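Descriptive analysis of the structure
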Amino acid sequence: MKKFLTTLFLYFLIVGSITVAINGAYLMVAEDDVTERFLNVPDQIQISTFGSSHGECGFDYEDVTDKICFNFSLTAQFPSYDYRLMRYYGDKLAAGGTAYLVVSYFSLFGIDETKTETFASKNARYYSFLPPEYIKEYDWKTSLFAKYFPSMTQGEDLLLIFMQRSATTETDNRDRTVNTETLEHDAHDRSRAHLIVEKLDNSGARIRNQEEITSLYEMISFCRERDVEPVLVTTPFLAEYSDAVMETAPGFLEEFHDIIREITTTTGVRYYDYSADSRFIHDYSLFMNSDHLNRTGARKFTNLLLQETLQS
Amino acid sequence: MLFNSLHFALFLPIVFTLYWISPHRFRWMILLLSSYYFYMSWNVKYVVLIVFTTVVSYFAAIMMEKTKSARKKQLILFVSLLLCLSTLFVFKYFNFFFESLSGLLSAFSIPLHPVTLNLLLPVGISFYTFQTLSYVIDVYRGEVKAEPNLGVYATFISFFPQLVAGPIERTQNLLPQIKAEHFFQSERGIYGLKLMVWGYFKKVIVADTIAVYVDKVYGMLPEYHGFSLVLATLFFTLQIYCDFSGYSDIARGTAELLDIDLMRNFASPYFSASVKEFWSRWHISLSTWFRDYVYIPLGGNRGSKIRRYWNLLVTFLVSGLWHGANGTFVAWGGVHALAQIAEYGLRIKAPKTGFSRCLRVLMVFCFVALAWVFFRAESMSDAFYVFLHMLDGATHPVRYLRDGLGVVISVKRLALFCALYFAPLGIVDYWGAKNGGDGIAAIEVWPRVFRWSFYVVIGLIILFFSKKGVATEFVYFQF
């Protein structure tokens, strides 16, 4: 038994030590973790953005120096989580301000988010800044990992993170411009991921996600109760992406706009659709891929949007 | 309770400690209590079924041993088999049977009011029922003595490492070990831990990771065609193997910690050079069960060629049905039988070495992977969809591969899987195939530094890359 226990102890000691070392390295590499900003959310936010990566990449408030702005968007974040963030940080939104609610094509469709393949890794990021009652399917074990061993919640992405960091430490992805050689393929893949994967039922019909649609309504009401003006926005895309959307799912845009029309008619909320805006759709210098603006594009878009929405 | 749950991580050390600090005469009681606790943590009510099966088979065996009359023995055997199989039938096959009957009768315009039982399939029912059947049949044949102690016998039937997904143990192997006095052997304990680490790697890393991609494609088949179907099928081929053999390794490893030796269930099956060889390496406890209790009683290799082929076909069709109450499983069993019949008929034998063996291994792997389509598909029409569309666009190979890959998984991630997951799996299995089938025992010849590095890396991969807070079920639990 002595030999057995010694071997077991040695094994755990070695694996444990390496684990701690890897976690330390991860914490150093991931010091610009996208969720860190949620730990320092300012008070009296006058302009806020809620949404997915389209909101995260599409809004850059660097040039807006006279107002307090904050971007709550996160990659693949659906309205149901936007609403959770809005409720939690609701007291930080200033009366008289504006909240941009970014509606991506995938936001309102598809299966329950908790059943999607990426849910677990996506959900883990909220553990570092949201209290348990705001986290979907809260689990104390995940909480422990997310707080003390965040490197262990990344899955295989951990290696990709290390590899990408060493490859792109000089150039942030958001400063890239779109690769025109692979653009068409990228647009096709993205439209498929946005409109097909986990978005259709067994008969092939598109699933309207009632939870996400309701969350959008609830965010609108929530904003108004606090005297914050909600504005729905769809960010600019390249023409290649819009073409791919129409090719991948003919009739989708009508379906999407039907829901938006229903929301705007019922609530009177303003909706700005920049998806086919001629100032963007052919300008490759403004995009990092077929549907995400790069930093330059985000600045241009944010300034334009503020001009057009705050003045009207 | 799942092997890959926190519950089990707490349960096993407690059982291990209690087992080894207790005097020998109490150990079977600890195993019995822990086994029933293990099962009841899934569903308390369904423990009644194990108790029922255990009591019926226990008394049947005692009565058979006491009676002198052959007719009486036969009657007892018949009644006990009927009772044990009836629970399996009600919980697993009733709905399938009525649906099939209804479909058949409606073809003759005879309406049959459909009857559907909304019953949860008890975990492991097929496994422990088969273990019970082999005991009763062995006692009937006089190959083993009836166990006089109901408690010990109940421990044999419910032994927790193999209760819900096998290996389906034989009386001669497991029952004496439960009664025997055990002394802890460090070497066996360490070997058990190695098996468990390897089993967890296969289950929570390889199987669970690629299951996501398999489910994505097979859950929405009409959306996919071409290479994406091939890739999903190849992934399922690895998933089913890693899921099930991973379970078996954890089960064996757990039993080794208790100084109990369970039979090896897998022996590098994807390195088989014939379908016959595949079945001597895949789910060995079930295939030998069917050999001994179905194939040989049907006549086995005796009689004419046609008779032998018939026996083989029946055995594999029943084996398919054992896996699930669905025509797809029967079809899966059927194609395996037909392949073996072809091997017999054409006198194809597995080459022992050389390039021809490599080529044959590849061919058998492709056949087995294609046959898995029946196993994974929800229906026969889904299976045929896969077969009909998997070569769509293959006339433009580069585009075929690129498009197929693109919609299932990124090249970068696939490369990562190959390097981190599939490569260790291939190495250990290849080593195992060359050295008697047990990869973990085979790599013991590696220098100590290599071995330690290997297990440390595998442990780190499990720690870092497994899904946290989620314990996914094992595929074979449904059988």
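Residues numbered from 1 in each chain as written. Chains lettered and ligands numbered in written order. Predicted model: local features only at pLDDT ≥ 70, side-chain atom pairs only at ≥ 80, totals over all residues. Heavy atoms only, no water.

1. A look at the domain arrangement of chain B
Residue and element names in this part refer to chain B. As far as domains go, chain B holds domain 1 (6–182) and domain 2 (187–273 + 350–478). Once you take the C-alpha centre of each, domain 1 and domain 2 turn out to be 29 Å apart. Contact residues are listed per partner, giving 24 residues for domain 1 and 18 residues for domain 2. Interface area, domain 1 with domain 2, both sides summed: about 1,900 Å², of which 68% is carbon and sulfur. For domain 1, the biggest contributors to the area lost against domain 2 are Pro-161, Ala-165 and Pro-167; these three give 24% of the whole. One can count zero salt bridges joining domain 1 with domain 2. Taken together, the connections running from domain 1 to domain 2 amount to seven residue pairs in polar contact (both at pLDDT 80 or more). Among the secondary structure elements, those contributing two or more residues to the side of domain 1 that touches domain 2 are α1 (6–21) and α7 (171–179). Per-element tally for the side of domain 1 that touches domain 2: the top contributor is α1, with five residues. (Domains from an automatic or database assignment. Contact = heavy atoms within 4.5 Å. Buried area = accessible area lost by both parts, 1.4 Å probe. Salt bridge = Lys/Arg side-chain N within 4 Å of Asp/Glu carboxyl O. Polar contact = N/O pair within 3.5 Å; in protein donor to acceptor, adjacent residues only side chain to side chain. Helix = DSSP H or I, 4+ residues; strand = E, 2+ residues; numbered from the N terminus.)

2. Here we look at the packing of helix α14 (residues 354–376) of chain B against helix α15 (residues 380–389) of chain B
Residue and element names in this part refer to chain B. α15 packs onto α14 with a crossing angle of 145° between their chain directions and a minimal axis gap of 8 Å. Together, Leu-370, Val-373 and Phe-374 of α14 and Met-380, Ala-383, Val-386 and Phe-387 of α15 make up the contact between the two elements. Counted by class, the contact of α14 with α15 contains seven nonpolar, no polar and no charged residues. (Axes fitted to C-alpha atoms, helices over the stretch in contact; angles between N-to-C directions. Nonpolar A, V, L, I, M, F, W, Y, C, P; charged D, E, K, R; others polar.)

3. Here we look at the environment of Thr171(B)
All names here are of chain B. Looking at the element boundaries, Thr-171 is found in helix α7. According to the relative accessible area criterion, Thr-171 is buried, its value standing at 3%. Sequence separation between Thr-171 and Val-217 is 46 residues, and the spatial gap between their C-alpha atoms is 42 Å. Ignoring sequence-local partners within four residues, the contact set of Thr-171 consists of Tyr-135, Asp-138, Val-144, Phe-156 and Pro-176. (Buried < 20%, exposed > 50% of the residue type's maximum accessible area, 1.4 Å probe, protein only.)

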